[in-house]
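Geometric and topological summary
Below, each chain spelled out in residue letters.
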Amino acid sequence: LTMTPPPPEAALPSPAQPAPAVIPPVQPAPSPTVPSLPAATSPIPVLPPVAAAPGIPAPALPPSGLPAPVSQPPAAGAPLAQPVPFVPSMVSAQTNIDVLLDASGSQGVAFGGKESKFDIQKSALADVVLQLKQTEFPRNIGIRAFGSGKPVDAHDCNDTVQVYPVGTPNLDEIVKVLAPLKAQGESPIAVALDAASKDFPPGQNVDQVIVLIADGTDTCGVDPCKTAKAIHLANPRTIIHVIGFDLSQDDEQKVSCIAANSEGRFYLARNELELRRWLDEAVSSTIPYNLRITTVAGATPIPTTITILKGGTNQTVKTEMSFGTKSLRLPPGSYDVLVEYTGSPELKKPQKIISGVEVLEKTKVEQELNFDLGSMTVSSIDTSGKLVPATYQVMKDGGMIAQIDGKAEAISFFLTPGTYDIVAEQKEMTPEKITLTESVIEVKPGEAVEKTFRFQKGELALKGQTTQNVVIPILFQIFKAEHADQLVASGAADASGGTVSLAPGPYDILFIGQDPAMSANPRTKVAGAIVSAAQTTDITATFEMGVVKLSAVDGQGNLVQAEFVIRDQKTNEELGKYQMPDAKTPVSVPVPPGIYDIVASSTKQVIEPKPSVLISGVEVTATTPVERVAKFVFGTVRLRGRNAKEQPLETKFTIFGGGTDEPVASAPTSADWLTFEIAPGHYDAKAENMSAEEDPKPYITIKDIVVEDGKMVSQEAIFTAGKLKIIGRGPNNKIIPVHFKVYQYGADTELINGDTGDDWQIFDIAPGNYYLEAGYVDPVQSVLLKKWINVKVGENEVLELILRF
């Protein structure tokens, strides 16, 4: 009998580029006109979700554990699904599958810095079997491995074993038999293919598919392409699909011919995601389905959530996860298919919707959805050029549309075309977080963009100088640009300057001049200084300085020595004090340009406050020196204290405005003449005898001292001696305790406050008129008795007072 092989699958999706399709492309027949059929009377129950592949985020699930139904219109702010016309292609299917795993030694190495390639094979197969288990129609699966029995140095070219017979898949059993397998031996691909062709159970009119996974060619000297051709000739319903996983370009032709010689397909899997997609497609290509959806971005499969809606409604029929290709069996009817790119990093996931999908019972159709996205690859390196982990925020129109937690590797992802800014923040624990920004990144459909963020500090070289080009020491404070509350660094540098290491970005710098010759501490600010990675930026702060020359004269124009206090008129901040070295030498003070008030004080006097004059509104510029002369218009008052015997007394003088209690000047206690330079006018002076033993000290007031410009007036405070003896007596001349106070006559100034005792109380008091207030508590009557007595004390008089009650 001559057996006619089945026609190749029509319009199969092209494998990921650059892998060429082994079977020449066949133009699909025109799609038949499908009549509109009524929807199924009852929807197919929603099935449990499929576990996402490693690296693919699983869709968010409601508390029930089932995919969230799409029973309501999209919420406000949700992305609108892009409508896509239904343009189906016809496909065919198979039923019995034997998966041939590559367990050779090369599969044991780590792939992409993660688990081994063989572990990835086993994980991908388990996920595909899980998908099979969750469908409502049967598919038979068998598993065979080669290279798992003995290490490579045993050179066992018959090392192949059937680990799971072709039959109904049981995920738990499959995981159990796969677990102990190790990748360690040779690659007897030809022998393994021949053994796999005999794994299928007997049957008629059953299509049989061997799915071979390999990362290289046969290592036992047998041509597997010839073996594949012989298997297909012996049974034309047996085809071989080949998945070249991490296959070198040299081995691609040697392996792809296995599929070409058996009317199968060759898939090139360059990464884990592609392996999962092609394995799922190779296994699903022979199962009974009537709708298959393939989702790609360019030529790369992307993970999606496929929601089947009853045609023209929001009623959910089924929700499925897809790794790139998903085969579905639906009751005949009309549907809308909503496809969401769940693997997108964007907060609002890209969506497409196919409306008017007509499904028949036995007609198998497929459609490819190409999400027109651009590719973005980002990475971060440190100062040494080593890859470091970072967090990336993708910004659009001032808002964040995606956040990616990146490891120490290049991260690739797809984005909706548009213009973006990306903010990268270093994840490593450092004293300060470094944030870098790449702005106006244009992402175009089908194009790839790469950005490398260099987390490398730059340097600011700081120096200070005056407008006269004189370099000076500085203090500096560095802030985040336009954020005066975010201090980043501070320090000092001598006249030669200094450097500061900072994260790249803009900064504002406050400079404070520290030259000892300029105690005014001039300030200046440099805004928006840019620090670039691995570069040094020179910043020289120029302090604009002017000079004010100060001297002083008296009312007759004679030079006098003075001290000057300079204050900023606007802020009242004191810039410093400057003293003339002598009466003939003016003092020159460098100050920043501005308007100042200057207080000049005479330095030759010991009185406080020192005689002073105000020079207001002195404007200083950086171009022309300013000269000011303080004119002290004063008269001189000489004061001394003595007693009646012409003996000097230690006396303290305070000068008041005439007829007021407002002090004008005072001087330390002295027995010598004290000189006061004060403005012309009328004054009073209070002289306190600091030699007296009593407290408060005796004092004399000198009234109406007239001071004239350039003239001197002398006054003496003469303290004459007197004593006051006090005792208290009651009935029968009995000594009693009496409390008393002595006041200056005609004033409320209290001079003496005391109590009488068992003997006379003696007090020194200046001659004069006084009055005395006395009080006694009668213990018998329990009453307070009081009396007032006028007292006059003469020069050198001892006055005895008996306070009788």
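**Here's the deal with the pairing of strand β4 (residues 140-146)**
- Burial within β4 is extensive, with six of its seven residues counted as buried.
- The pairing of strand β3 (residues 96-102) with β4 spans seven bridges and is parallel. Bridged to Leu101 within β4 is Ala145.
- Pairing between β4 and strand β5 (residues 160-167): five bridges, direction antiparallel. Among the inter-strand pairings, Ile141 is bridged to a residue of β5, identified as Gly167.

**A few points about the state of the cysteines**
- A full pass over the atoms with the stated rule returns two disulfides.
- What pairs with Cys157 in a disulfide is Cys220, and their sulfur atoms sit 2.2 Å apart. Looking down the S-S bond of the Cys157 and Cys220 bridge, the torsion is -90 degrees, so its handedness is left-handed. In this pair, Cys157 sits in the loop between β4 and β5 while Cys220 sits in the loop between β6 (208-214) and α4 (224-234), placing the two residues 63 residues apart along the sequence.
- Sulfur-sulfur distance for the disulfide between Cys225 and Cys257 comes to 1.6 Å. The sign of the S-S torsion, about 40 degrees, decides the handedness of the disulfide formed by Cys225 and Cys257: right-handed. With Cys225 in helix α4 and Cys257 in helix α5 (residues 249-260), the pair connects residues that are 32 residues apart, well separated along the chain.
- Judged by relative accessible area, Cys225 falls into the buried class, the value being 5%.
- Here the bonded cysteines of the protein chain are numbered in sequence order, and their pairing is 1-2, 3-4.

**Regarding the packing of helix α3 (residues 189-197) against α4**
- Taken N-terminus to C-terminus, the directions of α3 and α4 make an angle of 15 degrees; their axes are 8 Å apart at the nearest point. Compared by their axis directions, α3 and α4 come out roughly parallel. In the crossing of α3 with α4, the sense of the turn from one axis to the other is right-handed. The residues of α4 that touch α3, namely those facing Ile189, Ala190, Leu193, Asp194 and Ser197, are Pro224, Thr227 and Ile231.
- Residues of the contact of α3 with α4, tallied by class, amount to five nonpolar, two polar and one charged.

**Points about the side chain of Asp778**
- Turning to its location among the elements, Asp778 is positioned in strand β50 (residues 768-778).
- A polar contact of 3.5 Å, which involves the side chain of Asp778, links it to the backbone nitrogen of Gln781.
- Look past the residues within four positions of Asp778 in its chain and what remains in contact with it is Val783 and Leu785.

**Here we look at the sheet that holds strand β47 (residues 739-744)**
- What the four strands build is an open sheet, ordered β48-β47-β50-β51; its pairing is antiparallel. Taken across any chain shown, the strands that pair with only one partner, and hence form the sheet edges, are β48 (750-755) and β51 (783-793). Ignoring which end each strand starts from, the neighbouring axes of this sheet average 15 degrees apart.
- Note that β50 and β51 share eleven bridges and pair antiparallel. When the sheet's bridge partners are listed, Asn769 is paired in β51 with Lys792.

**A few points about the nonpolar core**
- Grouped together as the largest cluster of nonpolar side chains are 42 residues, with contacts concentrated most on Met376, Leu462, Ile478, Ile509 and Phe511.
- Each residue touching Ile478, except ones within four places of it in the same chain, is listed here: Leu460, Leu462, Gln486, Leu487, Val488, Ala489, Val500, Leu502, Tyr507, Asp508 and Ile509.
- Ranked by size, the runner-up nonpolar core spans 36 residues in total, among them Ile97, Ile143, Leu275 and Ala282.

**Comments concerning α4**
- Taken residue by residue, α4 has Pro224, Cys225, Thr227, Ala228, Ile231 and His232 as its buried positions. Down the axis, α4 shows its buried residues gathered within 160 degrees of arc, on one side only. Among the exposed residues of α4, those oriented more than 90 degrees off its buried face are Lys226, Leu233 and Ala234.
- Looking at the packing, one finds that the buried side of α4 touches α3, β7 (238-245) and α5.

**Overview of the packing of α4 against α5**
- Their axes nearest at 8 Å, the elements α4 and α5 cross at an angle of 5 degrees. By the criterion of interaxial angle, the relationship of α4 to α5 is roughly parallel. In contact with Pro224, Cys225 and Ala228 of α4, α5 contributes Lys254, Cys257 and Ile258.
- Taken together, the residues that form the contact of α4 with α5 break down as five nonpolar, no polar and one charged.

**Here's the deal with the sheet that holds strand β29 (residues 505-513)**
- Strand order in the open sheet formed by four strands is β27-β26-β29-β30, with antiparallel pairing between adjacent strands. Looking at which strands have only one partner, the edges of the open sheet turn out to be β27 (483-493) and β30 (523-531). With strand direction ignored, the average angle separating the axes of adjacent strands in the sheet is 25 degrees.

**Description of the pairing of β7**
- Here β7 lies mainly inside the structure; eight of its eight residues are buried.
- Neither face of β7 is exposed, since Thr238, Ile240, Val242 and Gly244 on one face and Ile239, His241, Ile243 and Phe245 on the opposite face are all buried.
- Judged from the seven bridges that link them, β6 and β7 form a sheet pairing that is parallel. Among the inter-strand pairings, Leu212 is bridged to a residue of β7, identified as Val242.
- Summarising the sheet, β7 and strand β8 (residues 266-269) pair through four bridges and their orientation is parallel. Bridging from a neighbouring strand, Ile243 pairs with Tyr267 of β8.
- On the question of chirality, the crossover connecting β7 to the parallel β8 by way of α5 is right-handed.

**Quick look at the packing of aromatic side chains**
- Under the counting rule described, the total for this entry stands at eight aromatic pairs.
- Between Phe632 and Phe634, the ring centres sit 5.5 Å apart and the planes meet at 35 degrees, which makes this aromatic pair tilted. Grouping residues by exposure puts Phe632 and Phe634 together as buried.
- A centroid spacing of 5.7 Å and a plane angle of 75 degrees characterise the contact between Phe740 and Phe763, whose relative ring orientation is edge-to-face. You can see Phe740 sitting in strand β47 and its partner Phe763 sitting in strand β49 (residues 761-764), a full 23 residues away along the chain. The residues Phe740 and Phe763 share a single accessibility class, namely buried.
- We note Arg638 situated over the ring of Trp673; from NZ or CZ to the ring centre the distance is 4.4 Å.
- One cation-aromatic arrangement involves Lys725 over Trp760; the distance from NZ or CZ to the ring centre is 5.4 Å.

**Considerations on the environment of Ile302**
- Turning to its location among the elements, Ile302 is positioned in the loop between β10 (300-301) and β11 (304-310).
- A residue is classified by how much of its surface remains accessible, and Ile302, at 1% relative accessible area, is buried.
- Spatially, the C-alpha atoms of Ile302 and Arg277 are 8.7 Å apart, while their sequence positions differ by 25 residues.
- Look past the residues within four positions of Ile302 in its chain and what remains in contact with it is Thr295, Val296, Ala297, Ser322, Phe323, Gly324, Tyr341, Phe371 and Phe414.

**Some thoughts on the environment of Met545**
- With respect to the helices, strands and loops of the structure, Met545 is situated in the loop between β31 (536-543) and β32 (546-554).
- Taking the relative accessible area as the measure of exposure, Met545 reaches 3% and is therefore buried.
- On a C-alpha basis, the gap between Met545 and Pro590 in space is 6.2 Å, while along the polypeptide they are 45 residues apart.

Definitions and cut-offs
- Residues numbered from 1 in each chain as written.
- Predicted model: local features only at pLDDT ≥ 70, side-chain atom pairs only at ≥ 80, totals over all residues.
- Heavy atoms only, no water.
- Buried < 20%, exposed > 50% of the residue type's maximum accessible area, 1.4 Å probe, protein only.
- Helix = DSSP H or I, 4+ residues; strand = E, 2+ residues; numbered from the N terminus.
- Pairing = 2+ DSSP bridges.
- Disulfide = S-S within 2.5 Å.
- Axes fitted to C-alpha atoms, helices over the stretch in contact; angles between N-to-C directions.
- Parallel < 35°, antiparallel > 145°, perpendicular 65-115°, else oblique.
- Left-handed = near helix turned anticlockwise from the far one by under 90°.
- Contact = heavy atoms within 4.5 Å.
- Nonpolar A, V, L, I, M, F, W, Y, C, P; charged D, E, K, R; others polar.
- Polar contact = N/O pair within 3.5 Å; in protein donor to acceptor, adjacent residues only side chain to side chain.
- Core = buried A, V, L, I, M, F, W, Y, C linked by side-chain atoms within 4.5 Å.
- Arc of directions from axis to C-beta.
- Right-handed = clockwise from strand over helix to strand, strands pointing away.
- Phe/Tyr/Trp six-rings, centres within 6.5 Å; stacked < 30°, edge-to-face > 60°.
- Lys NZ or Arg CZ within 6 Å of the ring centre and 35° of its normal.

Remember that the coordinates give geometry; whether it matters functionally is a separate question.
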